[in-house]
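Close look at the chain arrangement
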Amino acid sequence: MKIFPFGTLNGMLVIMKRFLRSYPSDISQRSKTGALLKTGPDATVAAERASVQQKGLITVEYPEVKIKPPENFRFIPFLLYEPVLDASGKPIVDAATGKEEMGVERCTACGICAKVCPPQCIWIVRAVGDDGKPKPKAAEFFIDIDVCMNCGFCAEFCPFDAIKMDNDYELAGYERHINHIYDYPTLLKSTTYYESIKPTDYANEEAARRAKEEAKAKKAAPAKETKKA
Ligand code: SF4
Ligand code: SF4
């Protein structure tokens, strides 16, 4: 029987193609700016490599050279909140913390993410109102980042777009028993931050949300008119 490693050859061709695709944009951009001998990626090339359109290799000499991870990169999950906006529609930044003021938290403590998480590293406590009834809100939310396997299931299954995969990868520390159990305040990040790291996903989700709201409003309009009549 003749055995020829077509699969291996094909795999090597894919690697070669990606390798060669890494350099045309470097060379053309460098020749435009006249910085051919500069080390590290040019800002325009780095932005291209961080986008969903990136085609070449993204290996750099870290930590001397750092580039923004591609949009589809995923590491540890984080939770989203809508920032409070000023009159001009810009998020209000808390001068003391440097963080955007928190408006609505998206998480409803439904628990789906915790159920689907393969290594079971999410722990949620639902908030309870003064009347003793449970509220659609988390009182506590923990993720053990050492157990998390970065699969992204939690973000895929969340029905409220409340949990997303972060691109921040510089999380190493000397202590892991306390610092690597992320609590609710640590996990909460604004939608502005989400938009900055994953602009394509953010734009698609916002468009889908707007379309859903418009459809809902259209559906509700005839019902109101019928009531008036
Ligand atoms: S699935 Fe989404 S809304 Fe439900 S608990 Fe998890 S993060 Fe919160
Ligand atoms: S990324 Fe995967 S392992 Fe990590 S918390 Fe989400 S579901 Fe669990």
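As shown above, the structure is provided for reference.
Notes on the structure follow. (Residues numbered from 1 in each chain as written. Chains lettered and ligands numbered in written order. Predicted model: local features only at pLDDT ≥ 70, side-chain atom pairs only at ≥ 80, totals over all residues. Heavy atoms only, no water.)

A few words on the overall build of the protein. Tallying secondary structure elements over the protein gives 8 helices and 7 strands in all. Over its C-alpha atoms, taken along the principal directions, the protein stretches across nearly 70 × 60 × 50 Å. Taking all 229 residues of the protein together, the buried fraction comes to 31%. Counted over contacts in the protein with a minimum sequence separation of 6, partners at least 24 positions apart contribute 60%. When the accessible surface of the protein is summed, it comes to about 15700 Å², and 60% of that surface belongs to carbon and sulfur atoms. A gap of 8 Å separates the mean positions of the 33 positive and 31 negative side-chain charges of the protein. (Helix = DSSP H or I, 4+ residues; strand = E, 2+ residues; numbered from the N terminus. Buried < 20%, exposed > 50% of the residue type's maximum accessible area, 1.4 Å probe, protein only. Contact = heavy atoms within 4.5 Å. Areas by Shrake-Rupley, 256 points an atom, 1.4 Å probe, with all protein chains shown as cover. Lys, Arg positive; Asp, Glu negative; His and termini not counted. Charge placed at Lys NZ, Arg CZ, Asp CG, Glu CD.)

With respect to the element layout, Lys-164 can be found in strand S5 (residues 163–165). At 3.0 Å, the side chain of Lys-164 forms a polar contact with the side chain of Glu-205. Beyond its immediate chain neighbours, meaning those up to four positions away, Lys-164 contacts Ile-76, Pro-77, Phe-78, Leu-80, Ala-155, Tyr-194 and Glu-205. (Polar contact = N/O pair within 3.5 Å; in protein donor to acceptor, adjacent residues only side chain to side chain.)

Around ligand 1 lies a shell of 14 residues, among which Cys-107, Cys-110, Gly-111, Cys-113 and Cys-158 are the nearest. Along the lines of polarity and charge, the residues of the shell around ligand 1 split into 12 nonpolar, 2 polar and no charged. (Near = heavy atom within 4 Å. Nonpolar A, V, L, I, M, F, W, Y, C, P; charged D, E, K, R; others polar.)

This part covers the side chain of His-180. Structurally, His-180 is set in the loop between S5 and strand S6 (181–182). Beyond its immediate chain neighbours, meaning those up to four positions away, His-180 contacts Ile-143, Asp-144, Ile-145, Asp-146, Leu-171, Gly-173 and Glu-175.

Residues Leu-79, Ile-122, Ile-124 and Phe-141 are the most contacted members of the largest nonpolar core, which totals 27 residues. Elements represented by at least two residues in this core include exactly strand S1 (77–83), helix H4 (112–116), strand S3 (122–128), strand S4 (134–144), helix H5 (153–157), S5 and helix H6 (184–187). Counting residues per element, this core draws most heavily on S4, at 3 residues. Excluding residues within four positions of it along the chain, Leu-79 makes contact with Cys-107, Phe-141, Ala-162, Ile-163, Tyr-184, Leu-187, Leu-188 and Lys-189. The next biggest cluster of nonpolar side chains, apart from the first, holds 5 residues, and it includes Phe-78, Tyr-194, Ile-197 and Tyr-202. (Core = buried A, V, L, I, M, F, W, Y, C linked by side-chain atoms within 4.5 Å.)

Take the site of ligand 2 next. Among the 14 residues in the neighbourhood of ligand 2, the closest are listed as Cys-117, Cys-148, Cys-151, Gly-152 and Cys-154. Of the residues in the shell around ligand 2, the class split is 12 nonpolar, 2 polar and no charged.

Once that is clear, we can look at the pattern of salt bridges. A complete count under the given rule lists 7 salt bridges for this structure. The salt bridge partner of Lys-164 is Asp-161, with a shortest N-O separation of 3.1 Å. We classify Asp-161 as partly exposed; its relative accessible area is 21%. As a salt-bridge pair, Asp-166 and Lys-189 come within 2.6 Å of each other at their nearest N and O atoms. Taken together, the positions of Asp-166 in the loop between S5 and S6 and Lys-189 in strand S7 (residues 188–190) put the pair 23 residues apart, joining distant regions of the chain. Judged by its relative accessible area of 5%, Asp-166 is buried. Take Lys-189: its relative accessible area is 22%, and that puts it in the partly exposed class. Residues joined in a network through salt bridges with shared partners are Glu-82, Arg-106, Glu-206 and Arg-209. (Salt bridge = Lys/Arg side-chain N within 4 Å of Asp/Glu carboxyl O.)

On to the sheet that holds S4, then. Pairing is antiparallel in the open sheet, where 3 strands are placed in the order S3-S4-S6. Edge positions in the open sheet fall to S3 and S6, since each of these has one partner strand only. Note that S4 and S6 share 2 bridges and pair antiparallel. In the strand pairing of S6, Asp-144 is matched with Ile-181. (Pairing = 2+ DSSP bridges.)

Turning to helix H3 (residues 43–50), its buried residues are Val-45, Ala-46, Arg-49 and Ala-50. All buried residues of H3 project into a common sector of 140° when viewed along the axis, lining one side. (Arc of directions from axis to C-beta.)

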